[in-house]
Amino acid sequence: MKKEIITSSLTGDSCVHLKHKSGLDIYICEMPGFSTVNAYISVKCGSVDTTFRTAGEKDFTTVPDGIAHFLEHKLFENEECGVFEMFAKTGAYENAFTADDRTCYLFSCTRSYQENLRILLSFIQNPYFTPENVEKEQGIIRQELQMVHDEPENRVFYNLLGGMYHSHPIKTDVGGTAESIAGIDAPLLYKCYNAFYNLNNMSLAIAGNINSDEVLAICDEVLKPCSDNGLETLLPEEPDSIVRPEIYQQADIGAALFNIGYKCTPASGSELLKKSTVASLAADIITDASTEMYQSLLDKGIINSTFGAEAFTGKGYFALMFLGESPQPEKVREALVNEIERLKREGVDEKLFRRTKRACYGDFIRGLNNVNYVTGLMSNSFIRGIGTYDAIDIISAVTADDINKFIITELSSDKLVTSVMEGMAN
Amino acid sequence: MNIKRTELAEGVGFSELTDSKFKTCSVYIKFITKLDQSTASANAIASGVLSVSNSKLPSLAALNEKLSELYGASLNNSVRKYGDMQLIGLSASWIADRYTLEGEDITGDMLNIVCDCLFHPNISGGEFESSSFSISKNDILDTISAEFNNKRGHAITQAVSAAFRNEPAAVSVYGTKETAEAVTSAEAYAAYLELMRTARIEIYMISPEPITAAADQLKNCFSGLERCPEEVSYDSLSPLKASPETVEETAGVNQCKTVLVFKSELDDQLAFYLMNNILGGSSVSKLFLNVREKQSLCYYCSSRYMSSKNALLIDSGVEKSDIPQAEAEILRQLDEICSGNISEQELESAMLTFENSLASVGDTPSSYASWMFDNFLDGCDDTPAQRWEMYRAVTKDRIVQAAKSLKLDCIYHMLSTEGESQ
């Protein structure tokens, strides 16, 4: 197990990375002066990973949508007692979440981190699924899906993805649907667990008031050796084109919402990080409050302080999204299209570009103040296959020309989708 | 925790804390004033104006441009409710000078910007400049409209309004659409002047190294102001209704909501916090383990203690047909605590949760500021370690007495408009 020390050349911050003999990737960041310890177990098992096979299997298996999220719920129960009860004995805060590309289990505490780490590493290695506890969970998850379905921010977002993607599973809610989760049973959960919850497909990221040697000793004690199962996932072929340019939905809401997005060409690995960084900077530049477009929309009451943009990127998908509240989303779209066409002709303003880069650098420094942010940074570097502090180096290296190229080549009007969630009275 | 607190002017506290582990400097300015239907909107709009411009950076564009240059420094306002009070905040955060790429003194620039926003807003002819005013007013109006987008939040707001009807705590912290719509630029400016004159003000500065100029700079600014701080009552008990009231609302939702509000006259805040944690404040709470895990009725069922009103609120999202069963189980779990059915493990786990939480104070600049400000509102000066000792002294019997003292005041239901669910 060779320790690699990863250091940010710009800030001097550093963390340790190593591949444990069990197969687990481990990231450790000691943060003197902090009381909190945060730990994430990250599994490369996201909502889009519904078709897979392991070494020796000829055929791919396709499982129902929402199974990664279902697994996340069920891992919190083992044969002896609930995992919640185990963490309660130390007073730690525990949680988990599923995203399109990962499932993460985490705890946060200020005492007994050693015991909490043992619990975390143990429970993710000990699944316990029965017909009874799977059926019970279906009721809870159905209510979670109902709740999420009532959140207009969620609906307008998934409607946008439905307008962009023909077959990519990113267009489906992370939790699946009431119908898809009805098709999940204990054998399917075990099949999925055995494929994805292999330590070679997982990482531990731990930061804060810790001792690296102690962390590694606990990993040696608790982790069972695991051979790589040669997991492969498969995504369906996704055409470049969009499905449809406009999706409107009415709901009982107070303020109308919009998501306007450009479907872009996907990327992977270090290319994905660079492209995502360029896209994020482009998003910030286009929506900067100092621009004429922003001022004009704001003065006319077409946008408010919720207006913003982000790059939404991952395995096999890449989009630049503009979002916010507006009584006139078509006016927002018109202004965005005009502004982007202007930028294609004239290029981005050099001063604005430099300011935006400085702001990104400042955001990164601010994040390093926070134990949870640092843990997330290390977890992300495993999931995305990048260096922990690469983002800050890439921000420094981006040029205005990179932004201009991205805008010209990726923001094409035939890839533009508008999703609007409007009130019943409209 | 080495805090240096001084009085900059009458009713204006300034607390400075240095912690070398941070890479940023932060300042939090908190105004405390009475929550009142007639002033809530104007106060909220005025605080918004302070965060979008000042006399030297007279537009959102100019201010934003400068903040971007200062490595994306942030400047935000906030408006929230604490019992019968309206808490208005202006905060700023920026990276410490040692992290700038060219050794710039951005701390000096940020102190000037904060002081200009606070003491020299962009005014014209005795009122806020129209563009900054419009941005803030529209934002407040949109915030009021968007409240209904968050159904869980809306359900809690409605339950609180019903439970504390005719009390300041029932008033929306932003006012209503009508009161916000009616505020003029001159009225918002007058509200700002009144806040500067009469509100209690607490300022917190947290930085990796002492910022020696800050206290004097702020003191000089306050010296030009006439101050006449009003007395505010931080805790105000709410009278219990003669019988529990049920309020129902229909909405186009898939999931119904239920909220129960209980009130108490018992004065034992720490026992209530622990009781709340055992009942519905964690993933091993009685509500979580029984209403969610055993009965599979919901995704969330939790409780929260509102110390300023000595009230407990429980909320859950459930199917319409399951509402009676969920409420019965909620009441049954509260009864369990009243009957003393609290295991040693439940008690210990609640204690440990607070120990963990108290020990994490100081791991972020905002946690320092929140700790100091909450202490101020509670009229105490405890350290987290002292507070932990006080929690340790709470007995099981005190927790049972706290639970027994709770009386159901109000039930709120959000029901789906179309049959069982949409």
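Each residue is numbered by its place in its chain's sequence as written, counting from 1. As they are written, the chains are lettered A onward and the ligands numbered 1 onward, keeping that order. Local features in this predicted model are restricted to residues of pLDDT 70 or higher, and side-chain atom pairs are both shown and tallied only at a pLDDT of 80 or more, whereas totals for entire chains, interfaces and linings draw on every residue. Note that water and hydrogens are dropped before the side-chain values are worked out from all heavy atoms of the structure.

As a further point, take the overall build of chain A. Numbering of helices and strands runs from the N terminus; a helix is a DSSP stretch of H or I covering at least four residues, while a strand is a stretch of E covering at least two. Counting its regular elements, chain A contains 15 helices and 15 strands. When the backbone C-alpha atoms are referred to their principal axes, chain A occupies close to 60 × 50 × 45 Å. We call a residue buried when its accessible area falls under 20% of the maximum for its residue type, exposed when it is over 50%, and partly exposed in between, using a 1.4 Å probe and counting protein chains only. When the 426 residues of chain A are sorted by exposure, 61% land in the buried category. Residues count as neighbours in contact if any of their non-hydrogen atoms are within 4.5 Å of one another. Contacts spanning at least 24 positions in sequence make up 80% of the contacts within chain A whose residues lie at least 6 apart. Of the roughly 16200 Å² of accessible surface on chain A, 48% is carried by carbon and sulfur atoms. Separation between the mean location of the 38 positive side-chain charges and that of the 60 negative ones in chain A comes to 5 Å. All accessibility values rest on the Shrake-Rupley procedure with a 1.4 Å probe; residue burial counts only the protein chains present in the view. Counted charges follow a simple rule, with Lys and Arg positive, Asp and Glu negative, and His plus the chain ends left uncounted. To locate a charge, the coordinates of NZ of Lys, CZ of Arg, CG of Asp or CD of Glu are taken.

The subject of this paragraph is the overall build of chain B. A tally of helices and strands in chain B yields 15 helices and 13 strands. The atom set for the radius of gyration is the C-alpha atoms, and the globule formula is 2.2 Å times the number of residues raised to the power 0.38. Since a compact globule built from 422 residues should have a radius of gyration of about 22 Å, the 23 Å found for chain B is in line with a globular shape. Referenced to the eigenvectors of the C-alpha coordinate spread, the extents of chain B come out at roughly 60 × 45 × 40 Å. Here chain B holds 422 residues, and the buried ones make up 60% of them. Taking the average place of the 36 positive charges on the side chains of chain B and the average place of its 59 negative ones, the gap between the two points comes to 4 Å.

Right, let's get into the sheet that holds strand β10 (residues 256-263) of chain B. Residues and elements named next belong to chain B. DSSP calls a pair of strands paired once it identifies at least 2 bridges connecting them. The strand order across the open sheet built from five strands is β9-β13-β10-β12-β11, with neighbouring strands paired in mixed fashion. Unpaired on one side and paired on the other, β9 (245-251) and β11 (301-306) mark the two borders of the sheet. If you compare each strand with its neighbour and ignore which way they point, the axes differ by 15° on average. The sheet contact formed by β10 and strand β12 (residues 311-318) spans eight bridges and is antiparallel. Each residue of the ladder has a partner; that of K263, found in β12, is A311. Note on method: axes are straight lines fitted to C-alpha atoms, helices fitted across the in-contact stretch only, with angles between N-to-C directions ranging 0 to 180 degrees. Packing against the sheet, helix α5 (residues 151-163) makes contact with β9, β10, β11, β12 and β13 (407-416), and its axis sits at approximately 140° to β13.

With that out of the way, let us pick up the pattern of salt bridges. Residue and element names in this part refer to chain A. The working definition used for a salt bridge is a side-chain nitrogen of Lys or Arg within 4 Å of a carboxyl oxygen of Asp or Glu. For the structure on display, the rule yields 51 salt bridges over all chains. A salt bridge links D49 to K315, with the nearest nitrogen and oxygen atoms 2.6 Å apart. Here D49 is found in the loop between β4 (37-43) and β5 (51-53), whereas its partner K315 is found in the loop between β13 (308-314) and β14 (317-325), with 266 residues between them in sequence. Between E238 and K263 there is a salt bridge, and its shortest N-O distance comes to 2.6 Å. Linking E238 in the loop between β10 (232-233) and β11 (246-251) with K263 in strand β12 (residues 257-263), this pair joins segments that are 25 residues apart in sequence. As far as burial versus exposure is concerned, E238 and K263 are alike and both buried.

All names here are of chain B. Among the structural elements, S367 can be located in helix α13 (residues 365-378). Of note is the side chain of S367, whose polar atom sits 2.8 Å from the backbone nitrogen of G362. If sequence neighbours within four positions are ignored, S367 has contacts with S360, V361 and G362. N or O atoms closer than or at 3.5 Å make up a polar contact, with two conditions inside protein: a donor-capable atom paired with an acceptor-capable one, and, for residues adjacent in sequence, both atoms drawn from side chains.

A common way to report how large an interface is uses the accessible area buried once the components associate. Residues and elements named next belong to chain B. For chain B, the domain assignment lists domain 1 (3-223) and domain 2 (245-416). For each domain, the first and last residues come from an automatic or database assignment. Using only C-alpha atoms to locate each centre, domain 1 and domain 2 end up separated by 30 Å. Contacts between domain 1 and domain 2 engage 37 residues on the former and 35 residues on the latter. Together, the buried faces of domain 1 and domain 2 total about 2900 Å²; carbon and sulfur atoms form 72% of this surface. Measuring nitrogen to oxygen at the nearest pair gives 2.7 Å for the salt bridge that ties D315 to R152. At the boundary of domain 1 with domain 2, the tally comes to 13 residue pairs in polar contact (both at pLDDT 80 or more). Mapped by element, the contributors of at least two residues to the side of domain 1 that touches domain 2 are β1 (3-9), β2 (12-18), β3 (24-34), β4 (74-82), β5 (85-95), α5 and β8 (200-207). Looking at which element gives the most residues to the side of domain 1 that touches domain 2, the answer is α5, with 10 residues. Once two parts are joined, some of their accessible surface, as seen by a 1.4 Å probe, is lost; buried area is that loss totalled over both.

All names here are of chain A. One can read the domain layout of chain A as domain 1 (4-233) and domain 2 (246-423). The C-alpha-based centres of domain 1 and domain 2 are spaced at 28 Å. Listed per partner, the contact involves 50 residues of domain 1 and 44 residues of domain 2. Both sides of the domain 1 and domain 2 interface together cover about 3800 Å² of buried area, and 68% of this is carbon and sulfur. At the junction of domain 1 and domain 2, the tally comes to two salt bridges. Contributing elements (two or more residues each) for the side of domain 1 that touches domain 2: β1 (4-7), β2 (14-19), β3 (25-30), β4, α5 (152-164) and β9 (202-208). Ranked by residues supplied to the side of domain 1 that touches domain 2, first place goes to α5 with 10 residues. Along the lines of polarity and charge, the residues of the side of domain 1 that touches domain 2 split into 25 nonpolar, 16 polar and nine charged. As a working rule, the residues Ala, Val, Leu, Ile, Met, Phe, Trp, Tyr, Cys and Pro are called nonpolar, Asp, Glu, Lys and Arg charged, and the rest polar, with Gly in that last group.

Note on soluble globular proteins: their nonpolar side chains tend to be buried together. We define the nonpolar core as a collection of buried residues of types Ala, Val, Leu, Ile, Met, Phe, Trp, Tyr and Cys that are connected through side-chain atoms lying within 4.5 Å of one another. By size, the foremost hydrophobic cluster in this structure holds 101 residues, and its most contacted members are B:W94 and B:I203. If you tally residues by element for this core, the top one is helix α3 (residues 106-119) of chain B, at nine residues. If we skip the residues at most four places from it in the chain, B:I203 touches B:L8, B:V12, B:G13, B:F14, B:S15, B:V27, B:Y28, B:I29, B:L218 and B:F222. Counting 60 residues, the second-largest nonpolar core is a separate cluster that includes A:A39, A:L75, A:C109 and A:L121.

Turning to the pairing of β4(A), a few remarks are in order. Residue and element names in this part refer to chain A. Of all seven residues that make up β4, seven are buried, and the element is covered over most of its length. Burial of β4 is two-sided: the residues V37, A39, I41 and V43 facing one way and the residues N38, Y40 and S42 facing the other way are all buried. Relative to strand β8 (residues 103-109), β4 runs antiparallel, the two being bridged by seven bridges. Across the sheet, residue A39 finds its bridge partner in β8, namely F107.

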